[in-house]
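Inside the fold
What follows is the residue order along each chain.
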Amino acid sequence: MKPYINIRNIQNKTALVLTLIYFTLLLSCNTALNTPQSRNSSNNENISVPQGFPPVPEPPDNPITLEKIELGRRLFYEKKLSKNGDMPSCSHCMKQENAFADNTNFSKGNNNEPEYRRNMSLINAAYRKNLFWDGRGKAIEQPAYRSLFLPFILGSDTNVLQKRLEETPDYPEMFRKAFGKDAKPSAYYVSKAIATFVRTFISGNSAYDKYIHGDSSAMDKSAISGKELFFSDKTKCSRCHSGFLFTDGLFHNTAITAHYFDFGRYYITGKNNDKGKFLTPTLRNIEVRKPYMHDGSILSLEEVIEHYNNGGKNWYTKDTLIKPLNLTVQDKKDLLSFLKSLTDHEFLSNPKYKNPNSMR
Ligand code: HEC
């Protein structure tokens, strides 16, 4: 699933206006997604939550049930959702070993057109109020729905998709079990089931988590020093990468370049002051999600640390927290060890997220 606007061609106002009209139409097609539908009662205990995490928020119009999780898991890997039936749908660009992000800058979907922005990881998306680098998305159901049809993602067709699933053994029954006896395998239910599966991607069992919950051997000396630095006034990293998700859920400019041509948050708000601002990304599992930043322009964590240490480039919306840090060689090593202590190995190899279709 690659849910970003392809803004490659937004070089002039006309194209921008056309793109906005296009997305307004798409959004209005999706208003049906907001109507309460599911007949199943809330069953939130189906998602186990790590120590220190609040309960997973559950949308009233799409309660979390085991039947939906199971169906969503099959669909997340289902080739039949793609136009030519050759791409394993969401998992084509959202890979478990990469914390449900991609391992490349610019993922390629149905029409082989590279994306413009890196995929944001889907981990802990259930908790997030803003989705995507520019905060365009709110509910996971909506990008899940749009991704089925956008030509540069899955490029599918409503009727073809439904027919294919109707003709596949197990699916009709699974949709009825998940959404009620009259439910057909429509795109509407496909997106609800996939969103439910995505809500189970809860990652919070890294060495850092074990350490803060009492296992003093979980982090080594360097990672512990890095943790102190990360939360210190010297680096101010945790001012933006805050809370259990390591994000404040807000938009900042970190001046990774002096020549922004993707204006990020500006496309949503239209405010000049938002040019070059992007949503603070989570840092959980950051080690397995390179290349870094919205444009994948920083290739390693060492270089990310160097970027912050230098205080970024010059750009007029640069956040005042981005300043030269005067880190020592050891400080940089320690910060790196800390960032690596945020990897949740159990999550990355957890069989409950793997492709169930290949296990048949
Ligand atoms: C002013 C808020 C702010 C501060 C302070 C800050 N960050 Fe960030 N961080 C961001 C934003 C926003 C991005 C994404 C920027 C982009 O893609 O253009 C980001 C991206 C990153 C990434 C890449 C994440 C990814 O998924 O690609 C890493 C790693 C990172 N920051 C680590 C740090 C560290 C370490 C510090 C302290 C030295 C720090 N950050 C300080 C806001 C901040």
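Okay, so let's go over this structure.

Parameters at a glance
- Residues numbered from 1 in each chain as written.
- Predicted model: local features only at pLDDT ≥ 70, side-chain atom pairs only at ≥ 80, totals over all residues.
- Near = placed C-beta within 6 Å.
- Helix = DSSP H or I, 4+ residues; strand = E, 2+ residues; numbered from the N terminus.
- Nonpolar A, V, L, I, M, F, W, Y, C, P; charged D, E, K, R; others polar.
- Core = buried A, V, L, I, M, F, W, Y, C linked by C-beta atoms within 7 Å.
- Buried ≥ 20, exposed ≤ 12 C-beta atoms within 10 Å, placed from the backbone.
- Domains from an automatic or database assignment.
- Contact = placed C-beta atoms within 7 Å.

Some points on the site of the ligand
Not every one of the 26 residues close to the ligand is listed here, only the nearest: Cys 237, Cys 240, Tyr 292, Met 293 and His 294. Looking at the shell around the ligand, the element that brings in the most residues is helix α11 (residues 301-310), giving four residues. Partitioned by chemical class, the residues of the shell around the ligand number 16 nonpolar, six polar and four charged.

Topic: the nonpolar core
Soluble, globular proteins show a tendency: their nonpolar side chains are buried together. With 43 residues, the main nonpolar core has Val 190, Ala 193, Ile 194 and Val 198 as its most contacted residues. For this core, the elements supplying multiple residues, two or more each, are α2 (66-76), α3 (141-149), α4 (158-166), α5 (171-179), α6 (187-199) and β2 (278-279). Among the elements that make up this core, the one with the highest residue count is α6 (nine residues). Taken domain by domain, the makeup of this core includes at least three residues from each of domain 1 (13-203) and domain 2 (207-343). When sequence neighbours within four positions are dropped, the list of residues in contact with Val 198 reads Leu 122, Ala 125 and Ile 140. By size, the runner-up hydrophobic cluster in this structure holds 22 residues, among which are Leu 283, Ile 322, Leu 339 and Leu 342.

Observations regarding unusual backbone geometry
The step from Lys 290 to Pro 291 runs through a cis peptide bond, and the omega angle for that step is -5 degrees. Even without glycine at this site, Met 293 takes up a positive phi of about 75 degrees. Checked against the element boundaries, Met 293 lands in the loop between β2 and α11. Its identity as a non-glycine residue notwithstanding, Asn 326 has a phi of 50 degrees, on the positive side. By the secondary structure assignment, Asn 326 is in the loop between α11 and α12 (329-340). Residue class for Asn 326 comes out exposed when judged on the 9 C-beta atoms lying within 10 Å of it.

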